[in-house]
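Structural overview
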Amino acid sequence: MSLAAGSRLGPYEILGQIGAGGMGEVYRAKDPRLAREVAIKVLPASFSADADRLRRFEQEAKAAGVLNHPNITAVYDIGSVDGAPYVVQELLEGETLRAVLASGKLPQRKVVDYALQIAHGLAAAHDKGIVHRDLKPENLFVTNAGRVKILDFGLAKLTQVGEGSGPQTNLPTAAGTEPGVVMGTLGYMSPEQIKGRPADARSDIFSFGAIFYEMLSGKRAFHADSAGETMAAILKEEPTDLSVTNQSISPGLERIVRHCLEKNPEQRFHSAHDLAFDIEALSGTSGQSAIASARDSGRALRPMAWLGPVLGALAGAALTYFILRGRGHGGPTAGPAPVFRRITNLSGAERSPSLSPDGQTLVFVHRIGSRAHIWAQRVSGHKPTDLTPDCDRDSYSPAFSPDGSLIAYGSRCGEGGIFIMGASGENVRRVTSFGAEPAWSPDGRELVFSTEPVVTPYGRMGASELWRVAIGGGEPKKILSTDAIQPGVSPHALRIAYWALPIGGSQRDIWTIPYKGLAPGEKAVPVTQDPAVDWNPVWSADGKALYFLSNRDGAMNLWRVPIDEASGKVMGPPEAERLPARDLGGFALSRDGRSVAYVDRQTTYAIDRLSFDAQGLLVGKPEEIYQSSLEMSDFDVSPDGTMVAFDSRGGAQDDIYVVGSDGKGLRQLTDDAYRDRHPVFSPDAHRLAFHSDRSGRYEIWTIATDGSSLSQLTKTSGDTVIEPLWSPDGRRIATNTGKVTTIFTLDEKGGVARSQQIPNPSNETVAYGVGWSADGRRLLCSLLRLPDRMAVGLAFYSPDGNTLSEPIPGVKTAGGARRGGFLGERVVFIDADGIHVVDPAAHTDRPILPETDASRYSFVTCRGTNCFDIRSTDNADIWMRTSAEAEAR
């Protein structure tokens with residue numbers, strides 16, 4: 001119904017229309033009984049017969065009517081005239097937050113002011129069991145006095161409130177709020193709302209996080225060209241770091257926003273009260289007192305006391321302190337709030353930190369072009385020094401000796417192995433002919449190392465071993481033959497901690513063994529045994545705890561578990577030691593345990609198309625067809641070039657996705673807790689083969705490209721089979737185990753008819769299948785040297801003749817690519833330098849796309865005259881947390 005100025009609605013005199021929306025029209029009116037102006041919201045008469053709309057309208061009025069808070073719009077009355085229901089509300093003077101944002105960038109102090117008010121309003125509603133479910137800038141109103149009001153509880157859902165938790169409401173749940181019905185506003189909805197699952201107070205916290213992000217950055221957290229892509233972004237992607245959109249934003253503010261935007265509701269703030277508390281702690285102002293002052297004076301809220309440059313230095317520390325308040329355990333987070341500071345700020349990524357015993361010098365890995373070098377930098381300085389300038393190959397995993405005089409590291413220099421140099425890069429010498437991830441014994445006389453380096457915890461094959469060597473000379477001794485990587489020696493040389501993949505399994509857990517190795521019949525002692533990815537174990541200075549990285553709360557961060565150093569027995573559950581970082585990519589402790597250096601990592605991924613001419617020359621520049629913050633690991637392109645399938649790892653799930661080769665139409669095929677990886681298309685592009693642990697061990701599975709008809713293909717014993725490669729004729733699927741490549745021949749119904757193994761060149765070299773020729777008669781193999789699995793060449797395998805060729809002449813380095821491609825008779829592969837094209841007939845190896853400081857290539861496959869790669873762009877800096885006592889010294 002339309003109301004003219006001067007008309008009456010019940011006792012109210014209409015003064016004019018304010019606006020209209022999906023839930024009705026809003027009028028300015030006067031209540032003569034109390035001599036005040038009010039706002040009246042009327043449901044249009046054309047919808048008054050809609051029972052669902054009427055119920056939602058009534059719920060909005062009743063839900064808001066039980067609330068009495070300065071940050072929630074007050075509801076005065078409810079009624080009905082001529083069948084049209086209406087609700088009478090507080091009249092507000094000002095504009096919506098959407099209008100405020102449209103007028104320009106907000107000062108950071110005002111953003112925090114508004115965020116704190118919204119958090120207090122939400123806390124008041126949640127205390128009464130009311131969830132808003134449609135929080136967005138349009139439903140937030142900023143008055144002329146600077147007060148923020150939450151509007152429109154039209155989608156509110158009443159939850160059960162336990163005894164003693166506050167006043168009860170017996171209001172019914174609104175129609176349309178049951179599980180399975182998607183309600184809310186796109187771009188601000190939580191992942192559980194998009195999935196049609198029940199939404200509680202934590203759903204409002206996610207929406208709050210999206211609004212907080214937009215206020216700080218001026219950009220929407222989740223916004224794409226289509227509704228489907230926006231929903232996919234909310235479910236799987238992370239918004240750009242706030243520090244990229246606004247460099248003045250403190251790490252503490254970014255951490256609060258990220259904590260709100262966790263995909264898993266269990267990992268968000270548990271309540272709006274906790275959220276408000278951390279915002280107050282960060283800003284140094286009591287929001288309640290500020291609100292009370294504004295209410296009493298009738299003036300705008302007073303500006304918060306802003307700490308300027310000091311806040312930038314202390315924000316992360318304050319946040320961590322308050323997140324961990326009340327934990328009551330020792331270690332790096334005990335005592336007064338620690339100090340946080342960025343140590344490195346080079347282009348690209350800095351990784352693998354190691355601190356000198358006094359905590360004053362940091363060594364780390366940084367890439368110059370296509371070479372990863374070891375660098376050193378004083379913690380108090382800003383000028384890093386390249387310690388390996390003469391090495392023409394990658395170096396990695398540096399580790400200070402116990403007295404700080406030496407640095408051990410892994411390298412591919414020369415023939416590769418473990419090297420030692422002085423703390424300033426002098427007197428370099430080779431200790432072993434293989435190995436990585438060296439760890440010092442407490443007396444500095446020995447090194448324990450694994451045979452593989454850690455690039456990422458997500459893509460390993462489970463074939464590393466543990467060895468020990470005296471630094472003065474002698475042959476290395478094997479400690480452990482089963483998978484083990486990234487060892488750490490306990491402070492009294494009683495045990496070695498490491499992480500590993502169990503035989504036939506996919507979990508990444510932490511274990512310990514005695515320093516001298518296992519006695520006959522003795523077994524490794526587990527430290528963690530759960531689905532989380534656990535890695536990078538580091539002993540505390542006193543040997544009473546192990547620190548490690550884990551994604552057990554959704555994001556990769558620091559954890560601590562109490563342990564008995566002598567026996568390896570775990571003495572309690574893991575405890576979070578959260579650091580203010582989006583994604584931890586490694587960490588190290590100082591010898592006294594007062595400082596921790598950690599990698600704050602951000603990586604984006606893209607799929608590029610490379611076009612070649614008849615001579616195998618690159619035509620033009622690579623064309624990016626798809627980009628995402630999803631961690632894309634392995635992928636394939638359909639035979640007709642119209643679809644791309646990839647797996648995404650690094651989060652709580654490993655799932656398979658399909659997207660058009662034009663970057664449109666992203667579709668998620670698997671969505672569960674199993675690890676689904678390495679998709680490849682069938683020749684007709686109707687199905688994908690991939691490996692998955694959904695049977696309890698890695699086997700090959702297939703699924704239709706529309707997500708239907710999931711089925712298990714292989715049922716093997718012994719070593720698990722992974723990384724399928726479907727031959728172009730559809731007859732065969734090649735798989736790898738890390739020790740041997742097995743080819744399965746399929747029958748007419750698509751089942752396994754028989755299998756055959758590729759003969760390895762020798763006991764010291766493995767032939768690792770990476771790509772089929774277009775006619776399916778040859779399989780390209782990368783030749784990997786044992787035990788460190790360093791690539792030493794390329795060869796061809798003929799399944800019909802069961803023969804492996806000699807290494808292809810002219811290949812300079814083969815770099816360990818897990819997928820290669822054919823351009824006619826030419827071969828494309830990736831090594832440590834970037835992407836290469838090899839002409840076997842001409843014996844030439846030509847690099848075409850070198851790696852840079854930031855961009856790296858991890859995967860390549862070819863179809864016809866086009867090849868496709870996965871390119872990752874890294875931006876990782878090393879930060880340091882130091883105890884207040886150590887900082888004061």
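What you see as residue numbers is a count from 1 along each chain, following the sequence as written. Given that the model is predicted, a residue must reach a pLDDT of at least 70 before its local features are reported, and side-chain atom pairs must reach 80 or more before they are shown or counted; all residues, however, enter totals for whole chains, interfaces and linings. Water and hydrogen atoms play no part in the side-chain values, which are based on all heavy atoms of the structure.

**A short note on the confidence of the model for the protein**
Inclusion rule: The predictor's confidence in any single residue is recorded as pLDDT, a number from 0 to 100. A contact between two residues is defined here by any heavy atoms of the two lying within 4.5 Å.
Of all residues in the protein, 84% attain a pLDDT of 70 or more, and the chain-wide mean is 82. Residue range residues 155-183 is modelled with pLDDT below 50. Its contacts to residues more than four positions away, or to other chains, number 70 contacts. In this model, residues 285-335 is a region of pLDDT below 50 whose contacts with residues beyond four sequence positions or in other chains number 99 contacts.

**Overview of the pattern of salt bridges**
Between side chains of opposite charge, a pair can form as their charged atoms come close. Rules: Salt bridge, as used here, is a side-chain nitrogen of Lys or Arg placed within 4 Å of a carboxyl oxygen of Asp or Glu. Numbering goes from the N terminus for both helices and strands, where a helix is a DSSP run of H or I of at least four residues and a strand is a run of E of at least two.
Using the criterion set out here, one finds 36 salt bridges in the structure. The salt bridge involving glutamate 238 is made with arginine 258; its shortest N-O contact spans 3.7 Å. Of this pair, glutamate 238 sits in the loop between α6 (227-236) and α7 (242-245) while arginine 258 sits in helix α8 (residues 251-260); the two residues are 20 residues apart in sequence, bridging distant segments of the chain. Beyond isolated ion pairs, a larger network of salt bridges with shared partners links Glu238, Asp241, Glu254 and Arg258.

**Side note on the side chain of arginine 468**
Our working definition: Pairs of N or O atoms are called polar contacts if they sit within 3.5 Å, as long as, within protein, a hydrogen donor faces a hydrogen acceptor (for residues adjacent in sequence, only side-chain-to-side-chain pairs).
Tracing the sequence through the fold places arginine 468 in strand β23 (residues 466-470). A polar atom in the side chain of arginine 468 sits 3.0 Å from the backbone oxygen of tyrosine 515. Contacts of arginine 468, omitting those with residues within four sequence positions, involve Glu446, Leu447, Val448, Phe449, Pro476, Lys477, Ile479, Tyr515 and Lys516.

**Comments concerning α6**
An α-helix turns once per 3.6 residues; consequently, residues spaced three or four apart project the same way. Rule in force here: To sort residues, take the accessible area from a 1.4 Å probe on protein chains only and compare it with the maximum for the residue type: under 20% means buried, over 50% means exposed, and anything in between is partly exposed.
Looking only at α6, the buried set comprises Thr230, Ala232, Ala233 and Ile234. Contact partners of the buried residues in α6: α4 (191-194) and α5 (201-217).

**With respect to the state of the cysteines**
Heads up, the rule is: Cysteine sulfur atoms are paired as a disulfide whenever they fall within 2.5 Å.
Overall, the coordinates contain 2 disulfides when judged by the stated rule. Here cysteine 391 pairs with cysteine 413 through a disulfide, and the sulfurs are 1.5 Å apart. Note that cysteine 391 is positioned in the loop between β16 (385-386) and β17 (395-400) and cysteine 413 in the loop between β18 (406-411) and β19 (417-422), a separation of 22 residues in sequence. Residue cysteine 391 is classed as buried on the basis of its relative accessible area of 11%. Cysteine 862 shares a disulfide with cysteine 867; S-S distance 2.0 Å. Taking the sign of the S-S torsion, about 95° here, the bridge from cysteine 862 to cysteine 867 comes out right-handed.

**Describing the packing of aromatic side chains**
What counts, and what does not: Pairing of aromatic side chains here covers Phe, Tyr and the six-membered ring of Trp, requires ring centres within 6.5 Å, and sorts the geometry by plane angle: under 30 degrees stacked, over 60 edge-to-face, intermediate tilted.
Under the criterion given, the structure shown has 12 aromatic pairs. Ring centres of tryptophan 499 and tryptophan 535 lie 6.4 Å apart, and the angle between their planes is 70°; on these two criteria the pair is classed as edge-to-face. In this pair, tryptophan 499 sits in strand β26 (residues 495-500) while tryptophan 535 sits in strand β29 (residues 534-539), placing the two residues 36 residues apart along the sequence. Like tryptophan 499, the residue tryptophan 535 is buried in the burial classification. Within the aromatic cluster, the residues linked to one another by ring pairs are Phe434, Phe449 and Trp467.

**Some points on the side chain of threonine 361**
Secondary-structure assignment places threonine 361 in strand β14 (residues 361-368). Engagement of the side chain of threonine 361 in a polar contact is seen with the side chain of arginine 378, the distance being 2.8 Å. Once residues within four sequence positions are removed from consideration, threonine 361 is found in contact with Ser354, Leu355, Ser356, Gln377, Arg378, Val379 and Phe400.

**Notes on the sheet that holds strand β32 (residues 575-576)**
Heads up, the rule is: Strand pairing is assigned whenever DSSP identifies at least 2 bridges connecting the two strands.
Strand order in the open sheet made by the 4 strands is β29-β30-β31-β32, with antiparallel pairing throughout. The two strands at the open ends of the sheet, each matched to only one other strand, are β29 and β32. Direction of pairing for β29 relative to strand β30 (residues 545-550): antiparallel, over a ladder of 4 bridges. From the neighbouring strand, tryptophan 539 faces β30, where its bridge partner is leucine 546.

**What to know about unusual backbone geometry**
Here the residue pair leucine 786 and proline 787 is connected by a cis peptide bond, since its omega of 10° sits within 30 degrees of zero. Mapped onto the fold, proline 787 is located in the loop between β49 (779-785) and β50 (790-798). Its identity as a non-glycine residue notwithstanding, glutamate 437 has a phi of 55°, on the positive side. Along the polypeptide, glutamate 437 turns up in strand β21 (residues 436-440). Its relative accessible area of 10% is what places glutamate 437 among the buried residues. In the Ramachandran plot, asparagine 536 falls in the positive-phi region, its phi being about 55° despite a non-glycine side chain. With respect to the helices and strands, asparagine 536 occurs in strand β29.

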